[in-house]
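For reference, the chains in residue letters:
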Amino acid sequence: MSIQYQLAPGCCLTQAVYPLPVDFDGIWGLGKDQARPIRSIYGKKVRVPRTSRNYGSAYHHSGESHAGGECPDVLLPLKVWANRYAERMGEQPFDNIVLNLYDNGRDYISRHKDDEPQIRPGSCILSVSFGETRTFRLRNNNGAIVLDVPMNDGCVLVMHGPMFQSTLTHEVPKVSGAKGAALGRRINVTFRQFVKTP
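Residues numbered from 1 in each chain as written. Predicted model: local features only at pLDDT ≥ 70, side-chain atom pairs only at ≥ 80, totals over all residues. Heavy atoms only, no water.

(A) Geometry of the packing of aromatic side chains. Enumeration over the complete set of coordinates arrives at 6 aromatic pairs. Between the aromatic rings of Phe 24 and Trp 28, the centroid separation amounts to 6.1 Å while the plane-to-plane angle is 10°, which identifies the pairing as stacked. One end of the pair is Phe 24 and the other is Trp 28, both in helix 1 (residues 24-28) and 4 residues apart, which spans about a single turn. Residue classification places Phe 24 among the buried positions, given a relative accessible area of 18%. With a relative accessible area of 16%, Trp 28 lands in the buried category. Between Trp 81 and Tyr 85, the aromatic rings sit 5.2 Å apart at their centres with planes inclined by 45°, giving tilted as the arrangement. In this pair, Trp 81 and Tyr 85 are both assigned in helix 2 (residues 76-88), 4 residues apart and thus about one turn of the helix distant. Per residue, the accessibility class of Trp 81 equals that of Tyr 85, and both read buried. (Phe/Tyr/Trp six-rings, centres within 6.5 Å; stacked < 30°, edge-to-face > 60°. Helix = DSSP H or I, 4+ residues; strand = E, 2+ residues; numbered from the N terminus. Buried < 20%, exposed > 50% of the residue type's maximum accessible area, 1.4 Å probe, protein only.)

(B) Spotlight on the nonpolar core. Judged by nonpolar contacts, the single largest core of 27 residues is most densely connected at Leu 126 and Ile 187. Only helix 1, helix 2, strand 8 (96-102), strand 10 (125-131), strand 13 (155-160) and strand 15 (186-192) provide two or more residues apiece to this core. If we skip the residues at most four places from it in the chain, Ile 187 touches Phe 24, Ile 27, Trp 28, Leu 99, Asn 100, Leu 101, Val 128, Ser 129 and Phe 130. Core analysis: the next-biggest nonpolar cluster, separate from the first, contains 17 residues, Ala 8, Tyr 102, Leu 138 and Val 149 among them. (Core = buried A, V, L, I, M, F, W, Y, C linked by side-chain atoms within 4.5 Å. Contact = heavy atoms within 4.5 Å.)

(C) The environment of Glu 87, seen in detail. Within the fold, Glu 87 resides in helix 2. Under the relative-accessibility criterion, Glu 87 is labelled exposed at 59%. In this structure, the C-alpha to C-alpha distance between Glu 87 and Asn 100, residues 13 residues apart in sequence, is 24 Å.

(D) Molecular detail of the sheet that holds strand 1 (residues 3-8). As summarised here, the arrangement of the 7 strands in space is 1-2-13-10-15-8-5, forming an open sheet in which the pairing is antiparallel. Since the sheet does not close on itself, it has two edges, and those belong to strand 1 and strand 5 (51-56), each with one partner. On average, each strand axis in the sheet is inclined to that of its neighbour by 15°, with strand direction left out of account. Sheet topology places strand 10 next to strand 13; 5 bridges connect them, and they run antiparallel. Among the inter-strand pairings, Ser 127 is bridged to a residue of strand 13, identified as Leu 157. Contacting strand 2 (11-17), strand 8, strand 10, strand 13 and strand 15, helix 2 crosses the sheet at an angle of about 140° to strand 10. (Pairing = 2+ DSSP bridges. Axes fitted to C-alpha atoms, helices over the stretch in contact; angles between N-to-C directions.)

(E) Region of interest: the side chain of Gln 193. With respect to the helices and strands, Gln 193 occurs in the segment after strand 15. Residue class for Gln 193 comes out buried when judged on its relative accessible area of 0%. Among the polar contacts listed, one links the side chain of Gln 193 to the backbone oxygen of Gln 92, at a separation of 3.3 Å. When neighbours within four sequence positions are excluded, Gln 193 is seen to be in contact with Glu 91, Gln 92, Pro 93, Phe 94, Asp 95, Gln 118, Ile 119, Arg 120, Ser 123 and Cys 124. (Polar contact = N/O pair within 3.5 Å; in protein donor to acceptor, adjacent residues only side chain to side chain.)

Structure follows, in structure tokens:
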């Protein structure tokens, strides 16, 4: 069963549930030795507020190139399932996997668009979340909130439509203070398709 949100012309969000068991601790362990880099954002040095790993093709974003590694065994069932889901949507197989680990509510990802030239224009972007429930927030280009979706354990979200990334931004907002510190761990695995180069 899935839910579709038609958010604007050419902008659709599909919500579904991942149907297979997952090794949460095994996936979490992929980030145990990964340092959080410091990036320059609007002229300020900021440590990235989550742990990330990149698999498959290298991904160029946030002004940096992130080398891809071989997909680890613990993520292979998820990769196979995601590619079959994409095939049912008439999409190509995914080229890249980004793993994001959130220790608690104080970890977050700020408002952004997945509009890098490397990403195949109009292709779907699929993400699966496990663990603590967090909010997936969509805004229009004026900053107004369009939709908040609670990402529960096993939540699948698919951003698709030719205008999605030019029309909307997405984020996982920070939960501050004691409430944020009390939230549990969250895993997000996101799949993207890249432009094929000769």
